[in-house]
There are 2 protein chains.
Amino acid sequence: MAKDNKKAVSEITAMDVDFAQWYTDVVKKAELVDYSGVKGCMIIRPYGYAIWENIQSDLDRRFKELGHENVYMPMFIPESLLQKEKDHVNGFAPECAIVTIGGQNTLSERLIVRPTSETLFCDHYKNIIHSYRDLPKLYNQWCSVVRWEKTTRPFLRTSEFLWQEGHTMHETEAEAREETLKMLKCYEDFYRETLAIPAICGKKTEKEKFAGAVETYTIEPMMHNGVALQGGTSHYFGDGFAKAFDITFTDRENKIRYPHQTSWGVSTRMIGAIIMTHGDDNGLILPPKVAPVQVVMIPVAQHKPGVLEKADEVKRLLAKNFRVKLDDSDNSAGWKFSEYEMKGVPVRLEIGPRDIENNSCVLVSRVTGEKTFVSLDNIVEEVGAMLDKVHSELYNRALENLQTKLNTAHNYDEFLDIAENKPGFIRAMWCGDSECEDKLKDVTGGVKSRCIPFEEENVSDTCVCCGKKAKHMVVWGRQY
Amino acid sequence: MAKDNKKAVSEITAMDVDFAQWYTDVVKKAELVDYSGVKGCMIIRPYGYAIWENIQSDLDRRFKELGHENVYMPMFIPESLLQKEKDHVNGFAPECAIVTIGGQNTLSERLIVRPTSETLFCDHYKNIIHSYRDLPKLYNQWCSVVRWEKTTRPFLRTSEFLWQEGHTMHETEAEAREETLKMLKCYEDFYRETLAIPAICGKKTEKEKFAGAVETYTIEPMMHNGVALQGGTSHYFGDGFAKAFDITFTDRENKIRYPHQTSWGVSTRMIGAIIMTHGDDNGLILPPKVAPVQVVMIPVAQHKPGVLEKADEVKRLLAKNFRVKLDDSDNSAGWKFSEYEMKGVPVRLEIGPRDIENNSCVLVSRVTGEKTFVSLDNIVEEVGAMLDKVHSELYNRALENLQTKLNTAHNYDEFLDIAENKPGFIRAMWCGDSECEDKLKDVTGGVKSRCIPFEEENVSDTCVCCGKKAKHMVVWGRQY
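Computed from a prediction, not measured in an experiment: that's the story for all the values here. (Residues numbered from 1 in each chain as written. Chains lettered and ligands numbered in written order. Predicted model: local features only at pLDDT ≥ 70, side-chain atom pairs only at ≥ 80, totals over all residues.)

Contacts between chain B and chain A engage 42 residues on the former and 42 residues on the latter. Sorting the residues of the side of chain B that touches chain A by element identifies strand 2 (42-44), helix 3 (46-65), strand 3 (69-70), strand 4 (76-78), strand 5 (97-102), strand 6 (105-113), helix 6 (118-128) and strand 8 (160-170) of chain B as the ones contributing at least two each. Broken down by element, the side of chain B that touches chain A gets its largest block of residues, 6 residues, from strand 5 of chain B. Considered class by class, the residues forming the side of chain B that touches chain A number 24 nonpolar, 10 polar and 8 charged. Here strand 5 (residues 97-102) of chain A pairs with strand 5 of chain B via 5 bridges, running antiparallel. Residue pairing across strands places Ala97 of chain A opposite Gly102 of chain B, the latter belonging to strand 5 of chain B. (Contact = placed C-beta atoms within 7 Å. Helix = DSSP H or I, 4+ residues; strand = E, 2+ residues; numbered from the N terminus. Nonpolar A, V, L, I, M, F, W, Y, C, P; charged D, E, K, R; others polar. Pairing = 2+ DSSP bridges.)

What follows is the structure in structure tokens.
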């Protein structure tokens with residue numbers, strides 16, 4: 001068994017040779033997913049699902065601290081309900097899975113397996129919102145959704161995925177707009193503080209907006225290879241859905257009005273972002289806050305008297321504060337090193353007879369490989385500090401990658417040159433016309449506007465594509 | 001607003017007048033669910049979903065302590081996969097929802113929305129189980145499942161419901177049988193310790209077994225009106241699925257063998273059990289361990305100086321240990337009393353100027369209405385003790401109901417008499433023949449075998465139906 005697994009570790013393709021294959025190798029070998037018999041649907045294995053559970057519990061706490069409540073809506077949407085908001089149905093109709101048979105009978109109305117639940121929430125809000133006293137409604141849902149995809153990759157693009165979708169209703173436009181930005185900020189904080197991932201945040205262009213939204217805001221982390229991943233979105237809907245669904249309330253002046261709406265979501269795709277932001281040729285590297293195992297303890301010369309006893313004592317101490325695993329199997333220490341490196345465990349703790357004699361042990365960072373000898377007297381603090389350090393190391397390395405691969409194009413030729421020769425994002429001015437977006441995408445074979453960043457800078461006066469007066473700086477890039 | 005809600009409280013039908021209507025009133029008025037536009041699918045509202053979250057986190061901890069890991073399987077099952085185990089497909093085919101269209105194309109193979117996931121787990125286990133070293137596999141999944149139901153009621157029977165499904169694989173029959181019983185015991189402990197619900201546990205008869213199981217064990221709590229609710233089941237599958245799915249492993253003697261399998265599940269139906277076991281004519285009564293609000297604080301004469309300040313101080317103290325809500329809205333104290341009674345908050349804390357003068361407050365049990373004056377000096381301990389007391393009061397009251405309504409029939413006439421005149425369960429001997437089960441069900445209009453209890457007693461020598469030699473004592477009853 002040890003031998004087989006050793007082989008598995010060495011089978012990871014090098015990132016520089018084939019990044020896509022590296023990704024596929026890592027998700028399989030680290031036992032994050034397995035492929036299922038249903039095209040485009042993945043099986044999330046215990047190690048992968050434990051990452052999702054840690055993500056969920058952290059985000060759920062953040063949402064609740066901001067006053068949100070969880071609910072559960074049906075997984076089916078009657079076709080007529082999905083059709084109530086025109087832009088929305090046009091956006092989603094092409095990728096729907098549709099139930100036509102229930103209990104051996106053909107259904108009188110077809111049911112869409114939810115691709116997103118705006119329509120269900122609106123149908124419910126119509127029943128429960130009557131007065132300004134009923135507002136705001138700050139609801140969130142954890143569930144799975146289905147979007148029929150042609151080309152799929154585990155976590156990045158699957159026909160079914162797990163996510164959360166927040167759906168809120170407010171008295172005023174100002175309050176709804178504030179919520180939209182607040183939740184994007186919540187995602188940004190989560191990416192930085194929990195996933196150790198920096199990102200560029202901003203507003204989507206008209207062309208890239210969510211189906212039915214007035215504004216879509218986005219968080220766009222950059223993967224190790226310079227490609228963007230849309231990491232999460234937050235939408236302001238205005239009162240468009242409210243009108244389509246006839247949701248009204250009596251305001252403080254006793255007038256009948258439409259409430260203003262938002263929605264926002266992140267998904268299991270974040271696990272893909274973790275893999276592609278932090279991983280290396282040895283496999284996964286997991287940010288400590290979401291790692292299922294934060295510290296793996298590997299006893300050295302474990303057959304010698306006292307080693308396992310001491311290791312177990314240290315383990316019990318650490319387990320009160322951290323997710324810790326002691327591997328006392330009879331696999332070789334070398335095999336264990338490779339295995340947990342591949343699985344991305346942030347900190348390795350080695351402890352052998354000589355360490356025990358010195359009342360110390362060795363901590364090894366998964367990011368840098370650096371070894372630190374620490375005293376067992378304050379092992380809890382030392383491990384805590386090491387985990388914090390790993391988090392910072394990951395964040396700083398990712399930030400450096402983002403900054404290094406963030407290029408600026410002042411004109412059309414520069415844009416094309418960068419798009420062809422330099423992986424990463426491109427900062428360039430834009431006139432506001434979607435034809436220019438289309439053209440840039442065509443000529444570069446896929447470079448799209450990621451967002452108009454919150455922090456714009458006037459890098460030139462004219463649109464990089466048509467030469468007309470520029471309206472905005474846009475960050476452009478290829479995407480997953 | 002206060003007035004409308006006051007009316008809502010008084011609109012609950014009395015239990016004795018119409019138990020079914022009482023149930024419907026409670027789930028609606030306490031804002032546990034709303035009906036959706038999809039037949040048989042419910043919307044679980046924040047107050048109902050918070051109960052589910054508390055159930056989930058308690059059960060999930062129990063499962064993990066017993067060594068189980070969570071995974072996520074696709075929500076779709078290819079039709080051919082569902083058909084691999086004959087009994088299983090026969091059991092579920094009549095109630096399937098089927099996806100026939102994906103991404104605007106008719107699918108080449110129809111996809112079943114999972115009614116349960118044995119087939120998906122087996123398909124995966126086939127890939128990952130090779131050696132005895134890979135066993136046991138102790139997996140669990142939290143998800144929603146769909147069974148197309150003709151008659152539905154919130155929580156009790158819905159076309160979509162939330163649940164957990166454990167699926168485990170073992171080296172030996174003995175180990176799998178042990179797991180089956182261990183998980184039933186886990187459910188029994190959970191019902192008693194967390195939901196304050198006593199139940200009868202035992203084995204299902206052949207006729208009432210799960211589709212594809214060798215043995216099905218069940219937990220059967222009795223609702224207030226004497227009707228049974230199948231509260232959870234645990235199945236031993238033998239190696240039937242393993243053979244159908246060709247799952248084999250190399251055992252310790254290097255022989256190829258089939259592993260032995262179990263599955264076990266409980267669902268949102270438990271919320272129905274809570275409502276119908278503990279509720280009364282004033283509405284819900286929630287067991288403290290799963291109540292979203294454990295203590296509601298109602299300030300008396302809250303406009304008087306110092307009252308709200310003191311209430312808030314006490315609240316902050318309690319909030320470190322309990323889920324506490326301070327209602328300082330301008331609704332009347334009387335309205336608040338009714339509202340939180342209806343919502344089943346286990347303990348009410350009243351605090352007014354005179355209490356504050358005496359450094360005390362009043363605790364009121366939702367079960368008995370008993371008032372206790374307690375010192376603010378040790379308010380955390382007092383509230384903790386009161387919550388424990390409410391739990392015991394609920395459990396004991398439900399146990400008394402179960403014992404009172406547990407009748408014994410020694411012969412056919414007694415069986416019919418009890419079935420017609422006494423609500424509750426019937427203990428009676430049975431020959432082991434399913435024809436007798438059918439007959440008893442027919443003549444009584446619905447009394448079915450609940451289980452062969454673990455603690456059998458020989459109440460007579462012959463089958464209560466056919467008069468032949470009895471094999472088992474069975475507990476019989478009507479069911480939801």
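As a further point, take the pairing of strand 17 (residues 347-351) of chain B. Residues and elements named next belong to chain B. Counting buried positions along strand 17 gives 5 out of 5 residues, so the element sits mostly inside the fold. Relative to strand 17, strand 15 (residues 295-299) runs parallel, the two sharing 5 bridges. Note that in strand 17 the partner of Met297 across the bridge is Leu349. Pairing between strand 17 and strand 18 (residues 360-365): 4 bridges, direction antiparallel. Bridging from a neighbouring strand, Val347 pairs with Ser365 of strand 18. (Buried ≥ 20, exposed ≤ 12 C-beta atoms within 10 Å, placed from the backbone.)

Let us now look at the packing of helix 10 (residues 307-318) of chain B against helix 13 (residues 379-404) of chain B. Residues and elements named next belong to chain B. Where helix 10 contacts helix 13, the two axes come as close as 10 Å, and the packing angle between them is 65°. One way to sum up the angle between helix 10 and helix 13 is to call them roughly perpendicular. Remark: the crossing between helix 10 and helix 13 carries right-handed chirality. Residues Val314, Leu317 and Leu318 of helix 10 form the contact with helix 13, whose own contacting residues are Ile379, Val380 and Val383. (Axes fitted to C-alpha atoms, helices over the stretch in contact; angles between N-to-C directions. Parallel < 35°, antiparallel > 145°, perpendicular 65-115°, else oblique. Left-handed = near helix turned anticlockwise from the far one by under 90°.)

Residue and element names in this part refer to chain A. Among the 8 residues that make up strand 14 (residues 260-267), 8 are buried, leaving the element largely enclosed by the rest of the structure. Covered by surrounding structure in strand 14 are His260, Thr262, Trp264 and Val266 together with Gln261, Ser263, Gly265 and Ser267, the residues of both alternating faces. In this structure, strand 8 (residues 160-170) lies alongside strand 14, joined through 8 bridges in antiparallel fashion. Paired with His170 across the strands is His260, a residue of strand 14. In this sheet, strand 14 lies alongside strand 11 (residues 232-238) in antiparallel orientation, the contact comprising 5 bridges.

So, to be careful, I would describe these as geometric facts and stop short of saying anything about function.
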